[in-house]
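# Structural description and commentary
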Amino acid sequence: GARVMKFEVRVYGLPVAQGRPRAFKLPSGQVRVYDPPKSRDWKRTVMAQALMARPVRLLAGPLAAEMDFYLPRPKSAPKRVTLPVRKPDASNLLKAVEDAIRSVVYADDSLIVDLHARKRFADAENPPGVHVLIEELA
């Protein structure tokens, strides 16, 4: 059968959660959905990196996806705080990356059957950003 493929990329930058899209009506009656600039810029960064590492064909489902988000440690965080328990939520971080790589890596998020997200503090070894691994399961 066809070779089982995988896609892997490490994107550097400040991970931004998918902001709640705001919809508004233009005078023409057209409805526009506004993506907050911060999440838009992050998604552009992720998409650009994904395009450079893109697989020879779109991955076909079922897919397993793993994403490790590295967030800067706030100066105010006490030493005993070893994991980023503040916003952004892991699920919203995930959503932004899924949106950014849809149609670059796979046709649709619905192909993902296993999903694992981790939030960690960035350090010298892992600067801020995300490590994405998506594998075909069949």
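Refer to the structure presented above.
Below is a summary of the structure that appears in this document. (Residues numbered from 1 in each chain as written. Predicted model: local features only at pLDDT ≥ 70, side-chain atom pairs only at ≥ 80, totals over all residues. Heavy atoms only, no water.)

### Quick word on the overall build of the protein chain
For clarity, the threshold we go by: Numbering of helices and strands starts at the N terminus; helices are DSSP runs of H or I of at least 4 residues and strands are runs of E of at least 2. When a residue's accessible area, from a 1.4 Å probe over protein chains only, is under 20% of the maximum for its type it is buried; when over 50% it is exposed; and in between it is partly exposed. The criterion used for residue contact is that any of the two residues' heavy atoms lie within 4.5 Å. In this description, accessible areas are obtained by the Shrake-Rupley approach with a 1.4 Å probe, and a residue is regarded as covered only by the protein chains that are shown.
A count of helical and extended segments in the protein chain gives two helices and six strands. The dimensions of the protein chain, computed from C-alpha atoms along their principal axes, are 50 × 50 × 25 Å. For the protein chain, buried positions account for 36% of its 138 residues. Counted over contacts in the protein chain with a minimum sequence separation of 6, partners at least 24 positions apart contribute 83%. As presented, the protein chain carries roughly 8,600 Å² of accessible surface, and 55% of it is formed by carbon and sulfur atoms.

### Looking at the pairing of strand β3 (residues 31–34)
Counted only if it meets this: One requirement defines pairing of two strands: DSSP has to find at least two bridges between them.
Pairing of strand β2 (residues 22–25) with β3, which is carried by four bridges, proceeds in the antiparallel orientation. By the bridge assignment for β3, Ala23 is matched with Val33. The antiparallel hairpin formed by β2 and β3 contains five residues in its connecting segment, where Gly29 sits at a positive phi of about 95 degrees.

### Remarks on the nonpolar core
Our working definition: As used in this record, nonpolar core signifies buried Ala, Val, Leu, Ile, Met, Phe, Trp, Tyr and Cys residues forming a set joined through side-chain atoms within 4.5 Å.
By size, the foremost hydrophobic cluster in this structure holds 28 residues, and its most contacted members are Val97, Ile101, Val105, Val132 and Ile134. Secondary-structure elements contributing two or more residues to this core are β1 (6–12), α1 (37–52), β4 (63–71), α2 (90–101) and β6 (129–136). The element that contributes the greatest number of residues to this core is α2, accounting for six residues. In this structure, Ile134 is in contact with Met5, Lys6, Phe7, Leu59, Leu63, Ala64, Ala65, Ile101, Val105 and Tyr106, ignoring residues within four places of it in sequence.

It is worth stressing that arrangement in space is one thing and function is another; only the former is reported here.
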